[in-house]
Number of protein chains: 2
Amino acid sequence: MADLEKHQRMANAIRFLAIDAVEKAKSGHPGLPMGAADIATVLFTEFLKFDPTAPHWCDRDRFVLSAGHGSMLLYSVLYLLGYEDFSLDELKNFRQIGARTAGHPEFGHGAGIETTTGPLGQGLGNAVGMAIAEKLQESRFGSDIVDHFTYVLAGDGCLMEGISQEALSLAGHLKLNKLIVIWDDNGISIDGRVDITDSTDQVARFAASNWNTISIDGHDPAAIASAIRQAQASDRPTLIAAKTTIGFGSPKKAGTNGVHGSPLGAEEAAATRTALNWPHEAFEIPSEILDAWRIAGLRSAQAHKDWQKRFSAKDADTRAEFERRNRGDLPAGFEAAVQEYKKQLAETKPKMATRKASEAVLGVLNEVIPETIGGSADLTGSNNTKTKQTASVTPDDFSGRYIHWGIREHGMAAAMNGMALHGGLVPYSGGFLIFSDYCRPSIRLAALMKQRVIHVMTHDSIGLGEDGPTHQPVEHYAALRAIPDLMFFRPADITETLECWQLALETKDAPSVLALTRQDLPALRTTYEEDNLCARGAYVLIDSEEDAAVSIFASGSEVELAVEAHGKLQEAGIAARVISVPCFELFETQSEDYQAAVIGNSPVKVAVEAGIRMGWDRFIGNNGLFVGMHGFGASGPYKKLYEHFGITADAVVAAAQAKLKA
Amino acid sequence: MADLEKHQRMANAIRFLAIDAVEKAKSGHPGLPMGAADIATVLFTEFLKFDPTAPHWCDRDRFVLSAGHGSMLLYSVLYLLGYEDFSLDELKNFRQIGARTAGHPEFGHGAGIETTTGPLGQGLGNAVGMAIAEKLQESRFGSDIVDHFTYVLAGDGCLMEGISQEALSLAGHLKLNKLIVIWDDNGISIDGRVDITDSTDQVARFAASNWNTISIDGHDPAAIASAIRQAQASDRPTLIAAKTTIGFGSPKKAGTNGVHGSPLGAEEAAATRTALNWPHEAFEIPSEILDAWRIAGLRSAQAHKDWQKRFSAKDADTRAEFERRNRGDLPAGFEAAVQEYKKQLAETKPKMATRKASEAVLGVLNEVIPETIGGSADLTGSNNTKTKQTASVTPDDFSGRYIHWGIREHGMAAAMNGMALHGGLVPYSGGFLIFSDYCRPSIRLAALMKQRVIHVMTHDSIGLGEDGPTHQPVEHYAALRAIPDLMFFRPADITETLECWQLALETKDAPSVLALTRQDLPALRTTYEEDNLCARGAYVLIDSEEDAAVSIFASGSEVELAVEAHGKLQEAGIAARVISVPCFELFETQSEDYQAAVIGNSPVKVAVEAGIRMGWDRFIGNNGLFVGMHGFGASGPYKKLYEHFGITADAVVAAAQAKLKA
């Protein structure tokens, strides 16, 4: 069998597994796997470094299918290479409940899937983060144990999404030379030819952001191999623009949008079998082809062994530290540092904005956790995310621990997901809470993938003042609490900020958002408690000796108002209690008894929060009182805004008294 | 006074008004107005077509300050030109509650502000929409009455945000030659020099997407004028890359990030006065400079008169139609068409997906409303937004009514805001509901600006099936209901779809999202009602003759389940009622009596929705029953998914019965 013929038959194995699985599921996207099969064959059988018997080997090359709808390409390749998680039965079970082979690749469904993709452009962003992580780890542990490429297969849709610009311009700036993006340039999107919506010269666009670029015929295996070799030697990230035919091989549908997202149909599938000379049953791979793939799957076994030798030669401390970080465990000194600082805070009781409190906390935690990587989307001085431990990363020096992400919230969040997926690092960001909207799709995916990424989001309410309603979060607490498996923290003072940071770091399987104030807040937690009270999600901050007539629930900066209102109610002879609610999600994980006890049975329940009411009925019922926002904010000094919108201790007291009298 | 000196003094008037206002407010961004004052002076005094005495003249040129933090540039210019809304007192009141001069320009605060900006990149997106609107209107009404430019002043941040790529690539593709973007290339962002985060050759980047590009010294008035003249003559959109010095004139802070977002301080303000030879008190503009500006403000008065003559020469029908569309009134035949179709539906009772229902409704409404402009972000066949009336717009022909937006949800939504702001058109989009996350910042701004943009968002739940959790909205109903002043509709059948479309179109001062199913739904509204029942937000679909033991609340596709559960409960001898809840926001506008009547007092209240619970406690209380999602979805055939997640009529019945027995 000549090399070219062998290549083509190996590529056809991908094509027909994809065709057959989509046909069987009566749903799916055959076009991309058929078009990009040649690329995948060359990449996986000649270049990609991996070990199917040890798929989590940390120095493997990463492959990201950014065009996630082409999932059958990935599943087919993983099966062909011998990844245990992707048996032929799994492929036959494509798009069925419980299968590893979901409609789009889902991280966690099986080893070999490096990230969850489907929402276009996200994979490209993840890959930038993976490539950053590689460079960071390489600079810490040496290129003898950290030396791998990150490959991306991206479609036209990925490149059209705005996030792609943030990702590629950052990658070009940081000279991520081990990032190689192969663009499946098939010229087709769902509505038809790409040229009905876009006239961009993508190669010129990437070149404008400091990329190495190569244009090839994506069906020519020699050209693909040559391009990858060139890319591997580049001192900059590389775009390989690979011209392909979507649905390659389908006599009637190749090169059209008809093959993008629907089964070929029995007749056209048969015609494609004839056209590509593939006289095999559905899901049948001739043994010599499967063998050729399986042999390719063993290609890096020796490289893996060599790596293990090099790793074993490291000193024990380095090995232990490297493994600890890759497991995602926190260092031994973490808990002690938290407790020591907490004791100190109980004594000093500092009054400060929670963004400043976060900076102070980070000053302590970054000292004991060397794997945190901070950053900000061009708001370093406002987000207070940079501490003395975190020197800036530059294109030529990745020994630092702080990334100036630029004005790229979406690219930042997607890259952080990639860093977390890569392993060995704990990324935390900086941004304004309002701009959680800009990176929401990536935050959602962090939650879906159960990744520990931590978003520090400051200027969390009308308390930011003069910048006005375009910058004032109002609905964002509700909108973020709505995302499943995301922890949204809104601490009320420095001690709660410390506790929330502790929770965010200790939770290995979920992302967190910390919403922090611009304005100063007093210390409300004034006695030392070893327990992390915020871990309960909500807790009684001020209890009442007698049955409380009024229970006041609040989060973040409004806990101060709740405490003030409590004092005024007590003065008026009304028994009241205050419940601090730093994290709705954690409250839901508490026992029913605890929940009932915290909610209590005061005749009057009031919630105070400088956001909308949505979500608070959980605590106060739909006949409870709410003191908060009922629409957008306004531009003005923040104290006046709180007055203007009636979010004051007096308003809480007045509302409670009126209800008690009613 | 020589021309150059005059120019410089006029530009300094902007600089010092900005310096003084920021100084007085003790808050704000002086750097951009100081740096871009030369550009603004040339643009507004020599090129921009406008009439301060008729600021809403529909054929005025549009100016968009995409770098909205430089708001004092705009307010200063509007004051200097004689716009009534921007008096000197308003400038002195910068960033105070109730002032027209908010921290960022806010649409509606005063004539002369064309759009709300601040979240970076949005203005650029709006401007693309305005330029599209101009071409659409020109092709309908002729260039004698529609012939204006759209100018943008954008900063580094605007160009770094991903939305800029979507906006510029679309503009280049559509050859929006009357769009002129001036990039305030000052090389500084908040964290420092732009080159610490970006290495993009922006001129090359724009050129790669079919833009005309010109590079100039942004402090040279002759170069600025020459560039604008060249741009006006281009057959493509133009980027003018204007090198400027941020904080121009400040001896100590010019060219640094220290002048971006903080007052200069009294000392440096004084030093700047000396350096720029501006020996005037705060807010004092020498009369000859103010006169020069005011004279410039009259520049287009004759052009406006000429336009009026040309407009008057049009036939009465054309004038009336043009004015109707610009007022945003719907045509006379609208209501009749709705009623006629509603009658027909009551007879035919078609079973279909609500996305198909929307297509059918649009087939009727697009016939009577010629100003609707449809589109889709590359999902035309899935969103069903194209009807026989809507031919595609192409770069060379804007007579069509359908825009293939490409895979650019964010750019689409921002451009639609610009189209609505421009006036004369009613834009509606197409996308998947999951991707509301991709364009959420623009949807929020539509709400803040009270603009009628309508988002058709299909595939609205796990009912989309095999594409899986990356594509299945779960938290999106709550997250969109959370945005103030946005109407989120989730119709249950074709009649509700018609009613929701009617409401979206009739509501001139708010955006709408229509969440529509992929899967078929039966007709649930089977008798003709002239009233729009969806206008109540929630209404009793099936009442109970006796006191209902169970009330079932549902929206969209789950109303079918509620009706089925109702039948089963009746069979079991349990009196029940069904409430359809197509729009939370409209329900909140009803009388308390109506709300109480709809909610009722059944001992058991159940909500059924294929999303999370958040928001439903408003109807069912915090001890109500909820049948819905508790986390992310999964990949599989949709009927199996509904079973898998326990969202079935039987689950509703079982939960209700269990609670009744408890």
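Predicted, not measured: the structure shown is a model, and the values here were computed from it. Each residue is numbered by its place in its chain's sequence as written, counting from 1. Chains carry letters and ligands carry numbers; both start at the beginning, A for chains and 1 for ligands, and go up in the order they are written. With pLDDT at 70 or above as the cut-off, local features in this predicted model cover only qualifying residues; side-chain atom pairs require 80 or more to be listed or tallied, and sums for whole chains, interfaces and linings still use all residues. Hydrogens and water molecules were not included; the side-chain quantities draw on all heavy atoms of the structure.

1. Comments concerning the overall build of chain A
Piece 1. Looking only at helices and strands, chain A features 26 helices and 20 strands.
Piece 2. A globule of 662 residues ought to have a C-alpha radius of gyration of about 26 Å, and chain A, at 28 Å, matches this closely.
Piece 3. Counting only C-alpha atoms, chain A reaches 95 × 55 × 45 Å along its principal axes.
Piece 4. Per-residue burial for chain A yields a buried fraction of 69% across its 662 residues. Only DSSP runs of H or I reaching four residues or more are called helices, and only runs of E reaching two or more are called strands; each is numbered from the N terminus. For the radius of gyration, the atom set is restricted to C-alpha positions; the globular benchmark scales as 2.2 Å times the number of residues to the power 0.38. Categorising residues by exposure relies on relative accessible area from a 1.4 Å probe, with only protein chains included: less than 20% of the type maximum marks a residue as buried, more than 50% marks it as exposed, and the intermediate range marks it as partly exposed.

2. So, the sheet that holds strand E3 (residues 179–185) of chain B
All names here are of chain B.
Piece 1. The five strands lie next to each other as E1-E2-E3-E7-E6, forming an open sheet whose pairing is parallel. Unpaired on one side and paired on the other, strand E1 (62–65) and strand E6 (212–217) mark the two borders of the sheet. Taking each pair of neighbouring strands and ignoring which way they run, the sheet shows an average axis angle of 15°.
Piece 2. Whether two strands pair depends on DSSP finding at least two bridges between them. Examined bridge by bridge, E1 and strand E2 (residues 150–154) share four bridges and lie parallel to one another. Inter-axis angles, ranging from 0 to 180 degrees, are taken between N-to-C directions of lines fitted to C-alpha atoms, where helices are fitted over the stretch in contact.

3. Here we look at the environment of Lys-243 of chain A
Residue and element names in this part refer to chain A.
Piece 1. Mapped onto the secondary structure, Lys-243 falls in strand E7 (residues 238–243).
Piece 2. The contact definition used throughout considers only heavy atoms, calling two residues in contact when any of these lie within 4.5 Å. Each residue touching Lys-243, except ones within four places of it in the same chain, is listed here: Asp-185, Ile-216, Asp-217, Gly-218 and His-219.
Piece 3. Whenever two N or O atoms come within 3.5 Å, that pair is a polar contact, provided that in protein one can donate a hydrogen and the other can accept it, and provided that, for residues adjacent in sequence, both atoms are side-chain atoms. Among the polar contacts made by the side chain of Lys-243, one reaches the side chain of Asp-185 at a distance of 3.2 Å.

4. Some points on the pairing of strand E3 (residues 179–185) of chain A
Piece 1. Taking burial as the measure, the seven residues of E3 of chain A include seven buried ones, the bulk of the element.
Piece 2. Side chains of E3 of chain A alternate between two faces, with Leu-179, Val-181, Trp-183 and Asp-185 of chain A and Ile-180, Ile-182 and Asp-184 of chain A buried alike.

5. Side note on the relation of the copies chain B and chain A
Two copies of one chain are present, and they are related through a rotation about an axis combined with an axial shift.
Piece 1. Mapping chain B onto chain A leaves a residual RMSD of 0.0 Å; the transformation is a rotation of 180° accompanied by 0.0 Å of translation along its axis. With respect to symmetry, the two chain copies, as superposed, fit the operation of a two-fold axis. Among all residues of chain B, the one whose C-alpha sits closest to the rotation axis is Gly-162 of chain B, at a distance of 1.9 Å. When the copies are overlaid, the least-squares fit takes in C-alpha atoms only where the residue has pLDDT of at least 70 in both copies.

6. Details of the interface of chain B and chain A
Many authors give the size of an interface as the accessible area that is lost as the parts come together.
Piece 1. Contacts between the two partners involve 94 residues from chain B and, on the opposite side, 94 residues from chain A.
Piece 2. In total, about 7,600 Å² of surface goes out of reach between chain B and chain A, with carbon and sulfur atoms giving 58% of it.
Piece 3. Each salt bridge in this description consists of a side-chain nitrogen of Lys or Arg and a carboxyl oxygen of Asp or Glu lying within 4 Å of one another. Inspection of the region where chain B meets chain A yields eight salt bridges.
Piece 4. The residue Glu-475 of chain B makes a salt bridge to Arg-444 of chain A at a minimum N-O spacing of 2.7 Å.
Piece 5. For the interface between chain B and chain A, the tally reads 51 residue pairs in polar contact (both at pLDDT 80 or more). By convention, the term buried area covers the 1.4 Å-probe accessible surface removed from two parts as they join, with the contributions of both added.

7. Some words on the sheet that holds E7 of chain A
Residue and element names in this part refer to chain A.
Piece 1. Reading across from one edge, E1-E2-E3-E7-E6 is the order of the five strands in this open sheet, with parallel pairing throughout. Only two strands of the sheet have a single partner each, and these edge strands are strand E1 (62–65) and strand E6 (212–217). Within the sheet, the average angular offset between the axes of one strand and its neighbour, ignoring direction, is 15°.
Piece 2. Sheet analysis places E6 next to E7, joined by six bridges and oriented parallel.

8. Comments concerning helix H12 (residues 301–312) of chain A
Piece 1. Under the convention used throughout, the expected extent of a helix is 1.5 Å for every residue step, that is, one less than its residue count. Here H12 of chain A is twelve residues long and its end C-alpha atoms lie 16 Å apart, about the 16 Å a rise of 1.5 Å per residue gives.
Piece 2. Residues of H12 of chain A that are buried sit in contact with helix H13 (316–327) of chain A.

9. A short note on unusual backbone geometry
All names here are of chain A.
Piece 1. The residue Arg-95 is not glycine, and still its phi comes out positive at about 70°.
Piece 2. In this fold, Arg-95 is placed in the loop between helix H4 (88–92) and helix H5 (122–141).
Piece 3. Overall, the relative accessible area of 2% leaves Arg-95 in the buried class.
Piece 4. One non-glycine residue, Lys-450, lies in positive phi territory at about 60°.
Piece 5. Looking at the element boundaries, Lys-450 is found in the loop between helix H18 (440–449) and strand E12 (454–458).
Piece 6. Assessed through its relative accessible area of 44%, Lys-450 is described here as partly exposed.

10. Digging into the pattern of salt bridges
Piece 1. Scanning the model with the defined rule gives 70 salt bridges over all chains in all.
Piece 2. Where Arg-618 of chain B meets Glu-588 of chain B, a salt bridge forms, and the shortest distance between an N and an O atom there is 2.6 Å. Remark: Glu-588 of chain B occurs in helix H22 (residues 584–588) and Arg-618 of chain B occurs in helix H24 (residues 617–620); sequence separation between them is 30 residues.
Piece 3. For Arg-618 of chain B, a relative accessible area of 21% puts it in the partly exposed group.
Piece 4. Overall, the relative accessible area of 42% leaves Glu-588 of chain B in the partly exposed class.
Piece 5. Where salt bridges share partners, they join Asp-460, Arg-481, Arg-490, Glu-558 and Glu-609 of chain A into one cluster.

11. Considering the packing of aromatic side chains
Piece 1. By convention, a stacked pair of Phe, Tyr or Trp rings (six-membered ring in the case of Trp) has centres within 6.5 Å and planes under 30 degrees apart, an edge-to-face pair has planes over 60 apart, and any other such pair is tilted. Under the criterion given, the structure shown has 45 aromatic pairs over all chains.
Piece 2. Centroid distance Phe-587 of chain B to Phe-619 of chain B: 4.9 Å. Interplanar angle 35°. Geometry classified as tilted. Residue Phe-587 of chain B is located in helix H22, and its partner Phe-619 of chain B is located in helix H24; the two are separated by 32 residues in the primary sequence. Across this residue pair, the class does not change: Phe-587 of chain B and Phe-619 of chain B are buried.
Piece 3. Between Tyr-638 of chain B and Tyr-642 of chain B the ring centres are 6.5 Å apart and the planes differ by 85°, which places this aromatic pair in the edge-to-face class. Residue Tyr-638 of chain B and its partner Tyr-642 of chain B are both found in helix H25 (residues 638–644); the two are separated by four residues, about one turn of the helix.
Piece 4. Looking at Tyr-642 of chain B, the relative accessible area reads 9%, which means it is buried.
Piece 5. Should the NZ of a Lys or the CZ of an Arg lie within 6 Å of a ring centre and within 35 degrees of the ring normal, that charge is described as sitting over the ring. A cation sits over an aromatic face here: Arg-536 of chain A above Tyr-594 of chain A, 3.9 Å from the ring centre.

12. Quick notes on the state of the cysteines
Piece 1. The rule for a disulfide is simple: a pair of cysteine sulfur atoms within 2.5 Å. Under the defined criterion, the tally for this structure stands at zero disulfides over all chains.
Piece 2. For the unlinked cysteine Cys-500 of chain A, the closest cysteine sulfur is that of Cys-534 of chain A, found at 3.9 Å.

13. Topic: the UniProt feature "site: Important for catalytic activity" (unreviewed entry) in chain A
Piece 1. UniProt positions are given in the numbering used here, feature names are shortened, and annotations may be inferred rather than shown by experiment. Feature annotation in UniProt assigns "site: Important for catalytic activity" (unreviewed entry) to the following positions: His-29 and His-260 of chain A. Of the residues just listed, which span 232 residues, no C-alpha pair is farther apart than 5.5 Å, and they cluster in one region.
Piece 2. One can find His-29 of chain A in the loop between helix H1 (3–25) and helix H2 (31–47).
Piece 3. Under the relative-accessibility criterion, His-29 of chain A is labelled buried at 10%.
Piece 4. What His-29 of chain A contacts, discounting residues up to four positions off in sequence, is Val-22, His-69, Arg-95, His-260 and Gly-261 of chain A together with Asp-467 of chain B.

14. Some details on the domain arrangement of chain A
Residue and element names in this part refer to chain A.
Piece 1. Start and end points for every domain follow an automatic or database-based domain assignment. Here the domain parsing of chain A yields domain 1 (1–305), domain 2 (333–515) and domain 3 (538–661).
Piece 2. When each unit is reduced to the centre of its C-alpha atoms, the spacing between domain 1 and domain 2 is 33 Å.
Piece 3. In this assembly, 28 residues from domain 1 lie in contact with 31 residues from domain 2.
Piece 4. The junction of domain 1 with domain 2 conceals about 2,500 Å² of combined surface from both sides, 66% of it contributed by carbon and sulfur atoms.
Piece 5. Counting the contacts that link domain 1 with domain 2 gives one salt bridge.
Piece 6. Where Lys-175 meets Asp-396, a salt bridge forms, and the shortest distance between an N and an O atom there is 3.0 Å.
Piece 7. In this assembly, domain 1 and domain 2 are joined by 14 residue pairs in polar contact (both at pLDDT 80 or more).

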